[in-house]
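# A structural walkthrough
Now for the letters of each chain:
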Amino acid sequence: MSSSRRLFFALSLPDALQQQVIRWRAEAFKPEDGRPVAAANLHLTLAFLGEVSAQKEQALKTQAGRIAQTGFSLNLDDLGHWPRPGVVWLGSKRPPRALLQLAELLRSQAARSGCYQSPLPFHPHITLLRAATQPVAIPPGTPGWPFNANHFSLYQSSFEQGRTRYHELAQWPLGP
Ligand code: 3AM
């Protein structure tokens, strides 16, 4: 019997940027605003796949490996709060077309493999705080970090010892 894993495709943040973001976050928000996402868990989800069998995982990896997409740069200059899922996020006022195309491709491959895809429009974001269901004073801006994406990754999400952990299973380069 094959086991299944909870998977998603995402862009990871370079370590230095993770540290910059969490240092700024500690100043920008109050402890009661929400639960900070651990530095190592900061990511930009491209496609959520849900529970995936080993066989389907292999097919999704093969399809991901066929993607020929250029790398891109995005400016992390936008912030927002979604009270219903309780998420405070960091994003980009002008997401590059290549980012939107990459997510669209991964989402359509996932849907064709039978992974349910939300009908809500894709809004690229990095979750900063969770459990943020009360009103949050959103700072007027961010330092506007530039972020160069030169690869994308497949992650496994697991819950271990009371914590959510993400393990990178594979990564693929984004071209010049
Ligand atoms: O990138 P963020 O943190 O917004 O919320 C989960 C996280 O998104 C999302 O997948 C990312 C990695 O866990 N996620 C979890 N369950 C989901 C679902 N059923 C989901 N996204 C869509 N549908």
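Please refer to the structure higher up on the page.
Residues numbered from 1 in each chain as written. Predicted model: local features only at pLDDT ≥ 70, side-chain atom pairs only at ≥ 80, totals over all residues. Heavy atoms only, no water.

## Remarks on the layout of surface pockets
Estimated volume of the largest pocket: approximately 740 Å³. Lining the largest pocket we find 22 residues, and of these Thr45, Phe48, Trp82, Arg107 and His125 sit closest to its centre. Elements supplying a minimum of two residues to the lining of the largest pocket: strand E1 (4–12), strand E3 (43–53) and strand E7 (125–130). In terms of residues, the lining of the largest pocket owes the most to one element, E7, which gives four residues. In terms of residue class, the lining of the largest pocket is made up of eleven nonpolar, eight polar and three charged. Roughly 290 Å³ of volume is contained in the second largest pocket. Lining the second largest pocket are Arg35, Pro36, Val37, Ala38, Asn41, Arg130, Phe159, Gly162, Arg163, Thr164, Arg165 and Tyr166. Listing elements by their share of the lining of the second largest pocket, those giving two or more residues are strand E2 (35–36) and strand E10 (163–173). Residue contributions to the lining of the second largest pocket peak at four residues, all from E10. Classifying every residue of the lining of the second largest pocket gives five nonpolar, three polar and four charged. (1 Å grid on protein atoms, 1.4 Å probe; cavity = no way out; pocket = protein on both sides within 12 Å on 5 of 7 lines; lining within 4 Å. Points joined across faces, edges and corners; volume = space filled by probe spheres on them. Helix = DSSP H or I, 4+ residues; strand = E, 2+ residues; numbered from the N terminus. Nonpolar A, V, L, I, M, F, W, Y, C, P; charged D, E, K, R; others polar.)

## Side note on the side chain of Ser158
The residue Ser158 is located in strand E9 (residues 151–160) in this model. A distance of 3.5 Å separates the side chain of Ser158 from the side chain of His167, its partner in a polar contact. With residues up to four places along the chain from it excluded, the contact list for Ser158 reads Arg163, Thr164, Arg165 and His167. (Polar contact = N/O pair within 3.5 Å; in protein donor to acceptor, adjacent residues only side chain to side chain. Contact = heavy atoms within 4.5 Å.)

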